[in-house]
Amino acid sequence: MEAIFLQILNGLDKGSAYALIALGLTLIFGTLGVVNFAHGALFMIGAFCAVTLQRIFNLSFTTIDESRTDFLGNPMQVQTPYAEAWFGPEFGAAIIDWSVPLAILFAIPVMLLVGFIMERGLIKHFYKRPHADQILVTFGLAIVLQEVIKYFYGANPIPTPAPEVFRGSMDFGVLLGFDPNVIIYPIWRLVYFLFSLAVIAAVFVFLQFTTFGMVVRAGMADRETVGLLGIDIDKRFTIMFGIAAAVAGLAGVMYTPINPPNYHMGMDFLVLSFVVVVVGGMGSLPGAVLAGFLLGILESFASTTWAIGLVPGINQIIIYLVAIVVLLTRPRGLMGRKGVMEE
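Owing to the predicted nature of the structure, the values given are computational and were not obtained by experimental measurement.

Reading the values: the criteria
- Residues numbered from 1 in each chain as written.
- Predicted model: local features only at pLDDT ≥ 70, side-chain atom pairs only at ≥ 80, totals over all residues.
- Heavy atoms only, no water.
- Helix = DSSP H or I, 4+ residues; strand = E, 2+ residues; numbered from the N terminus.
- Rg over C-alpha atoms; globule rule 2.2 N^0.38 Å.
- Buried < 20%, exposed > 50% of the residue type's maximum accessible area, 1.4 Å probe, protein only.
- Contact = heavy atoms within 4.5 Å.
- Core = buried A, V, L, I, M, F, W, Y, C linked by side-chain atoms within 4.5 Å.
- Expected span 1.5 Å × (residues − 1).
- Phe/Tyr/Trp six-rings, centres within 6.5 Å; stacked < 30°, edge-to-face > 60°.
- Salt bridge = Lys/Arg side-chain N within 4 Å of Asp/Glu carboxyl O.

**Topic: the overall build of the protein chain**
Here is step 1: Within the protein chain one finds 15 helices and 4 strands.
Here is step 2: Whereas a compact globule of 343 residues would reach a radius of gyration of roughly 20 Å, the protein chain reaches 23 Å, a difference of no more than 12%.
Here is step 3: Out of the 343 residues in the protein chain, the part that is buried amounts to 46%.
Here is step 4: At a minimum sequence separation of 6, the contacts of the protein chain that also span at least 24 residues come to 71%.

Okay, structure coming up:
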């Protein structure tokens, strides 16, 4: 039983990332009808927002510490971060330590701007084009963004630690009534899971209970009728594209302590996230979230020594096997809507 709970927990962090990326993909497809293969790049850009802010906070200048000497007896040169010089040693060190959570505030406007530029500059020209054209152009855009990140940040992963208070692990088994030291789990992975739930809930509340969200949902169901009522639905859909980009970016920001950012991380998640969307059902927001968590947990179980010993390589193909089974039995996915991508 303990092993089952541990594998469920192991699947939640990756499932959270799948769910957030798939949620943004579904928002874009449901509103604009665009299959956006550059969405994984938005996840990557969000992660590098955290890297950028960490580097900004760690900018430093050289000072001479007369109280300390090197091995030659000369006064020692000390690198002092500007954050500590401006805000004091303690508060400045806290700012540096909390750079990843603070990157949320930095990433939101950046991702909204990136989403707006992407939609207005490129995507809008492909609304009425075949899905194959949309896939080709957005996949090309993803490659361009990937190479831009590689040029400025290099090809190697960049460690981006979580705040010190969230490093290490906790005895999660005690909370479930198990013996001590049975289920030890990293604290930040739990933080990421809870953060994902908060973002997902915020998106659903926004769409369900705000006037803006109600109009967007009406536009998703019948765009022409909403337009005839004098509502600029295209403007609202552009805003939704920015929100979807922000959701993917926030997923990337908070994932950096789990997996050090690298230039190809967007591609690593992109294909799997599209499989998640298809399994959940094209155009279904609840389906995308459900499938994200479900496939993340299944992937975790498939990565166990027992599963790999039974079927070598099962951890690499389990998601695709599930997709095949689901689509053979439910061609529209778990919660897909009739008529979506069936023309």
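From this point, the discussion proceeds with the structure in view.
**Describing the nonpolar core**
Here is step 1: Ranked by internal contacts, the top residues of the largest apolar core, which has 104 residues, are Phe-43, Tyr-192, Val-253 and Met-254.
Here is step 2: In this structure, Met-254 is in contact with Val-100, Ile-104, Trp-188, Val-191, Tyr-192 and Phe-195, ignoring residues within four places of it in sequence.

**Topic: helix 5 (residues 99-121)**
Here is step 1: Between its first and last C-alpha, helix 5 extends 31 Å over 23 residues, near the 33 Å set by a 1.5 Å rise per residue.
Here is step 2: Regarding helix 5, the residues found buried are Ser-99, Val-100, Pro-101, Ala-103, Ile-104, Ala-107, Met-111, Gly-115, Met-118 and Glu-119.

**Notes on helix 11 (residues 233-255)**
Here is step 1: With 23 residues, helix 11 extends 33 Å from end C-alpha to end C-alpha; this agrees with the ideal 33 Å at 1.5 Å per step.
Here is step 2: With 18 of 23 residues buried, helix 11 lies mostly within the body of the structure.

**With respect to the environment of Ala-323**
Here is step 1: Mapped onto the elements, Ala-323 comes out in helix 15 (residues 314-329).
Here is step 2: For Ala-323, a relative accessible area of 10% translates into the label buried.
Here is step 3: Along the chain, Ala-323 and Phe-43 lie 280 residues apart, while their C-alpha atoms are 23 Å from each other.
Here is step 4: Setting aside its immediate chain neighbours within four residues, Ala-323 contacts Val-275 and Val-279.

**Some remarks on the packing of aromatic side chains**
Here is step 1: For the structure shown, the criterion picks out 16 aromatic pairs.
Here is step 2: Ring centres of Tyr-151 and Phe-152 lie 5.1 Å apart, and the angle between their planes is 90 degrees; this geometry places the pair in the edge-to-face category.
Here is step 3: Overall, the relative accessible area of 59% leaves Phe-152 in the exposed class.
Here is step 4: The structure contains a cluster of three or more aromatic residues connected by ring pairs, namely Tyr-18, Phe-43, Tyr-192, Tyr-255 and Phe-269.

**Structural notes on the pattern of salt bridges**
Here is step 1: A complete count under the given rule lists 4 salt bridges for this structure.
Here is step 2: The partner of Asp-97 in a salt bridge is Arg-167, and the shortest N-O contact between them spans 3.2 Å. Taken together, the residues Asp-97 in helix 4 (residues 89-97) and Arg-167 in the loop between helix 6 (131-153) and strand 3 (169-171) connect sequence positions 70 residues apart.
Here is step 3: Using a relative accessible area of 41% as the deciding quantity, one classes Arg-167 as partly exposed.
Here is step 4: The residue Asp-133 makes a salt bridge to Arg-129 at a minimum N-O spacing of 3.2 Å.
Here is step 5: A relative accessible area of 24% places Asp-133 in the partly exposed class.

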